[in-house]
Amino acid sequence: MSPKRRKTKNSAAAKTKKSALKLQPTILVPHEELRAYTMAILRHIGSTAKEAQIVADHLVDANLTGHDSHGVGMMPRYIQNFRNGFVTPNRHAKPVRRDGAFLQFDGQQGFGQVVAQEATDKGIAKAKKSGLALVSLGNAHHIGRVGTYGERAVAQGLVSLSFVNVLGHKPTVAPYGGSDGRFITNPICFAIPGTDGLPPFVLDMATSVIALGKVRVAMNEGRLLPEGKLIDHRGKPTRDPRVMFSEPLGALLPLGEHKGYGLAYTCEILAGILSATGSIQPKTPRTGGIINNMLSVIFDPVRLVDRNWFHGELKALAKHVKASRPSDPKSPVLMPGDPERATMAQRRRDGVPVDRTTWTEIRNAGLSVGMTAKQLARWNT
Ligand code: NAD
């Protein structure tokens, strides 16, 4: 492989004199190579070819959509969790309840990408047949980019509304008005199908002002974060991403003050408590792993309204919203899901940027599970 080498752009933030962060060079890696690299490591810990493909595809697609926080940079953490017994290869979503529209699954601490896909696909099948499914998945290892599951539903013409809570490690997100972490980044995803000429609406976001993985990416790249994202261990504003990764820990702020806080709280109840796994209250173990619980409501919109009228309204609404004069002439109004589609097209063509620190960490993860330097030689950079 010959990844193209390029320097990370120097941001004004990173030049401020307070920062001791060092800018890291990034390499551009073709997505096919990243898939092969990730799969090779997963196969080495015993994942079947199918599982390795699902997890690798999910991670690389997260990079392609621009969410490096949920891409291959998660592999070192996954390998660490495997070594600590917090994720077990080749586990499947175990049905624990089936009651009318209600489907409940135990993820058995299997790879989240596998068990969440399985649970979602059961919900999709149910909603296709009877119009509505409520899918509850508990005890999954990290399920990654939640939009992935919403996209599976919209591909079948269905609407999906997902709420996720995060357990397993110390809280990282402060409640509105608080000064230390009480939640983790509890994401939500609302996905609605598109129609001819109109792509699907996919709103997929953390309920913190920024995803924790993006703070890790900034730290690895040596960048300061913009104002208003972080507080330090005293509850004071800071831009230094390292406060989230070394003691004494700081915290992320909730998205939109009391509003994101309210959504994060909702995720604890709908995803954590109603999956029968639990919320982030102190008695829930903080082992150092990553557990996700998810509640998804999946339904067929044309059980409520006429299909043609629905599609016409979707188009008219998008046209209306996007016609707003851009406040910055270079940035037109977008629909949720547009940035990911644009980044996907560009990165498929140009390669995925991976910073040197992340690349070394992934390589070390491979070595730690017994891959040899010779096996990894194909990916020397
Ligand atoms: P983000 O802020 O990059 O994007 C959030 C949403 O806003 C997306 O739907 C995007 O399409 C939309 N958007 C972005 N810019 C837009 C614009 N200019 N106009 C219109 N819409 C726009 O996302 P995030 O909050 O950083 O989350 C990143 C990823 O992290 C998500 O995929 C999320 O599922 C994932 N996540 C997962 C976990 C977990 O525990 N599994 C936890 C937190 C976050």
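Novice: Is there a simple way to think about the sheet that holds strand 9 (residues 230–231) in this case?
Specialist: In a beta sheet, neighbouring strands are held together by backbone hydrogen bonds and run either parallel or antiparallel to one another. Strand order in the open sheet formed by 3 strands is 10-9-11, with antiparallel pairing between adjacent strands. Each edge of the open sheet carries a strand with a single partner, namely strand 10 (237–238) and strand 11 (251–252).

Novice: Is there a simple way to think about the pattern of salt bridges in this case?
Specialist: Opposite charge on two side chains permits them to pair, given that their charged atoms come into close proximity. Under the definition given, this model contains 14 salt bridges. As a salt-bridge pair, D180 and R182 come within 2.9 Å of each other at their nearest N and O atoms. Classification of D180 by relative accessible area gives partly exposed; the value is 35%. For R182, a relative accessible area of 48% puts it in the partly exposed group. Among the salt bridges present, the one from R341 reaches D338, with a minimum N-O distance of 2.9 Å. Remark: D338 and R341 occur in helix 9 (residues 338–350); sequence separation between them is 3 residues, near one turn of the helix. Judged by its relative accessible area of 12%, D338 is buried. Members of the salt-bridge network, linked through shared partners, are R35, D57 and D61.

Novice: When you look at the site of the ligand in this model, what are you seeing that I'm missing?
Specialist: Of all residues adjacent to the ligand, which total 23 residues, the nearest are D204, A206, K214, G337 and E340. Here an oxygen atom of the ligand sits 2.8 Å away from a polar atom, N or O, in the main chain of G337. For the ligand, whose accessible area on its own is 860 Å², the fraction buried by protein is 78%. Counting residues per element, the shell around the ligand draws most heavily on strand 8 (residues 201–205), at 4 residues.

Calculation criteria
- Residues numbered from 1 in each chain as written.
- Predicted model: local features only at pLDDT ≥ 70, side-chain atom pairs only at ≥ 80, totals over all residues.
- Heavy atoms only, no water.
- Pairing = 2+ DSSP bridges.
- Helix = DSSP H or I, 4+ residues; strand = E, 2+ residues; numbered from the N terminus.
- Salt bridge = Lys/Arg side-chain N within 4 Å of Asp/Glu carboxyl O.
- Buried < 20%, exposed > 50% of the residue type's maximum accessible area, 1.4 Å probe, protein only.
- Near = heavy atom within 4 Å.
- Polar contact = N/O pair within 3.5 Å; in protein donor to acceptor, adjacent residues only side chain to side chain.
- Areas by Shrake-Rupley, 256 points an atom, 1.4 Å probe, with all protein chains shown as cover.

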